[in-house]
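# Remarks on the overall topology
For reference, the chains in residue letters:
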Amino acid sequence: KSRETADPAADSSPKRDAAKHQDEAASKKKLCVKAAKEHSIPQDLNKVLENKVMETVLDLSYVKLSVVEKTCSGDADSEGIISKSVSSHSDLIPGVYEGGLKIWECTFDLMDYLSEAEIEFTNKTVLDLGCGAGLLGIVALRGEAARVHFQDYNSTVIDEITLPNVVANCISEGRRMGSGKDRKTSRPPSKRPRKAEGSPDVLNRCRFFSGEWSQVSQLLLNSNKPCSKYDIILTSETIYNPDYYSALHDTLAQLLDRNGCVYLASKVHYFGVGGGIYLFEKFIEEKNVFRTSMVKTIDQGLQRCIMEIAFKNSC
């Protein structure tokens, strides 16, 4: 099975092959605490795109993931997640690699919903949580968000995939980072590495973080750079493992503005790892901090949902 899933129509089932890791994950109920790190944006943007092959989906540029797998080694993959993922034929190695080397189909579901519902990003502060390729955060940037932060568990994903994707979509090629309302007009994939001609004003609105959710929360809240809470948190395919629900819930509670909103995209059930949208909904209800609403259900293939989450006492 191809591990590259940029086609929204592709039949992807995230983490299905993680079943063999379930016993190991169950034996370590305690979350692996991966230290948080902020990733700086290099001065020379051409370095970020060096040796990267770009493709296009829904009018957004993204790094060709299969090329990253073949070419990324040594210091560029200090965590060793690419070699481990390839050698084990797995898209999930709990506590080591959490799926950021693929673009999962619920990402496209959430992108479609943000467009259909005309979610307003102008002057908002946005967090793309569990960002992987960072497409959701890039949509927010196109919507004129004031600030967009990207977080992924793995630092290799941020450096080799997320950052290059953001830079590629900020490049001046007769295009402007605008509302993205025409994003469905997809252009043919470009196979050439792109040259960065800059849009530093857009990049200045971005920050990039890797590490486990609770650690990233602490880094943000205790940072020397003041960080206000987020108006909007976007997250897709992050509730596959029930062992992570407490950390995710606490992160949302700590980082979301009192009147903010979370948009979460998920499959109804993740076979092999046990998580799913209704299980997480029940978890939230028991915590009694947030209210939830299912705003969209997608029935093609495995059933998928978009959930809206807000504080119970919000406006």
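Everything that follows concerns the structure shown earlier in this document.
Residues numbered from 1 in each chain as written. Predicted model: local features only at pLDDT ≥ 70, side-chain atom pairs only at ≥ 80, totals over all residues. Heavy atoms only, no water.

## Concerning the overall build of the protein
Just so we agree on the cut-off: Numbering goes from the N terminus for both helices and strands, where a helix is a DSSP run of H or I of at least four residues and a strand is a run of E of at least two. Working definition: with a 1.4 Å probe on protein chains only, accessible area under 20% of the residue-type maximum means buried, over 50% means exposed, and in between means partly exposed. Whether two residues are in contact is decided by their heavy atoms, any of which lying within 4.5 Å being enough.
For the protein, the count of helices and strands is 11 helices and 10 strands. Looking at the 315 residues of the protein, the share that counts as buried comes to 56%. Here the analysis covers contacts within the protein between residues at least 6 apart in sequence; of these, 75% occur between residues at least 24 apart.

## Describing the packing of helix α10 (residues 245-255) against helix α11 (residues 277-287)
The test is simple: Fitting a line to C-alpha atoms yields each axis, with helices limited to the stretch in contact; the angle taken between N-to-C directions then spans 0 to 180 degrees. Note on angle classes: values under 35 degrees are labelled roughly parallel, values over 145 roughly antiparallel, values of 65 to 115 roughly perpendicular, and the remainder oblique. By the definition used in this description, the sense in which the near helix is turned from the far one sets the handedness, with an anticlockwise turn below a right angle giving left-handed and a clockwise turn giving right-handed. Under this grouping Gly is polar, as are all residues other than the nonpolar Ala, Val, Leu, Ile, Met, Phe, Trp, Tyr, Cys and Pro and the charged Asp, Glu, Lys and Arg.
The N-to-C vectors of α10 and α11 enclose an angle of 60 degrees; their axes lie 11 Å apart at closest approach. In terms of axis orientation, α10 runs oblique to α11. For the element pair α10 and α11, the recorded crossing hand is right-handed. Side by side, α10 and α11 meet where Y245, S246, L248 and H249 of the first sit next to L279, F280, F283, I284 and K287 of the second. Split by residue class, the contact of α10 with α11 holds 6 nonpolar, 2 polar and 1 charged.

## Topic: the pairing of strand β4 (residues 125-129)
The condition that has to hold: Pairing between two strands is assigned when DSSP locates at least 2 bridges connecting them. Handedness is read with the strands pointing away from the viewer; a crossover is right-handed when the path from the first strand over the helix to the second is clockwise.
Most of β4 sits out of view: 5 of its 5 residues are buried. Both faces of β4 are covered, namely the face carrying T125, L127 and L129 and the face carrying V126 and D128. The sheet contact formed by β4 and strand β5 (residues 147-152) spans 5 bridges and is parallel. Each residue of the ladder has a partner; that of L127, found in β5, is H149. What joins β4 to β5 is helix α6 (residues 135-142), and the crossover it makes is right-handed.

## A look at the nonpolar core
Heads up, the rule is: To define a nonpolar core, start from buried Ala, Val, Leu, Ile, Met, Phe, Trp, Tyr and Cys residues and group those joined through side-chain atoms within 4.5 Å.
Core analysis: the largest hydrophobic core is formed by 56 residues, its most contacted members being L114, F121, L135, V166 and Y263. Element by element, the count of residues in this core is highest for helix α7 (residues 155-170), at 8 residues. V166 has contacts with I138, L141, F150, L203, C206 and F208, leaving out every residue within four places of it along the chain. Judged by nonpolar contacts, the second largest core, of 32 residues, contains F209, Y230, L248 and L255.

## Brief notes about the pairing of strand β8 (residues 256-267)
Burial of β8 is extensive: 9 of the 12 residues sit out of reach of the surface. Note that strand β7 (residues 230-236) and β8 share 6 bridges and pair parallel. Pairing of L234 across the sheet is with Y263, part of β8. Each parallel crossover has a hand, and for β7 linked through α10 to β8 it is right-handed. With 6 bridges joining them, β8 and strand β10 (residues 304-311) adopt antiparallel strand pairing. Across the sheet, K267 pairs through a bridge with R304, a residue of β10.

## Quick notes on the pattern of salt bridges
Think of it this way: side chains of opposite charge can pair up when their charged atoms draw near. Operational definition: We define a salt bridge as a contact between a side-chain nitrogen of Lys or Arg and a carboxyl oxygen of Asp or Glu at a distance within 4 Å.
The full count for this structure, using the stated rule, is 9 salt bridges. With a closest N to O distance of 2.4 Å, R304 and D109 form a salt bridge. Placement of R304 in strand β10 and of D109 in helix α5 (residues 105-116) is noted, with a sequence separation of 195 residues between them. Judged by its relative accessible area of 7%, D109 falls in the buried class. Notably, a salt bridge pairs K267 with E237, separated by 3.4 Å at the nearest N-O pair. Placement of the pair is K267 in strand β8 and E237 in the loop between β7 and α10, with a sequence separation of 30 residues. Of the two residues, K267 and E237, neither departs from the other in class, the shared state being buried. Here the salt bridges share partners, and the residues they tie into one network are E105, D109, E237, K267 and R304.

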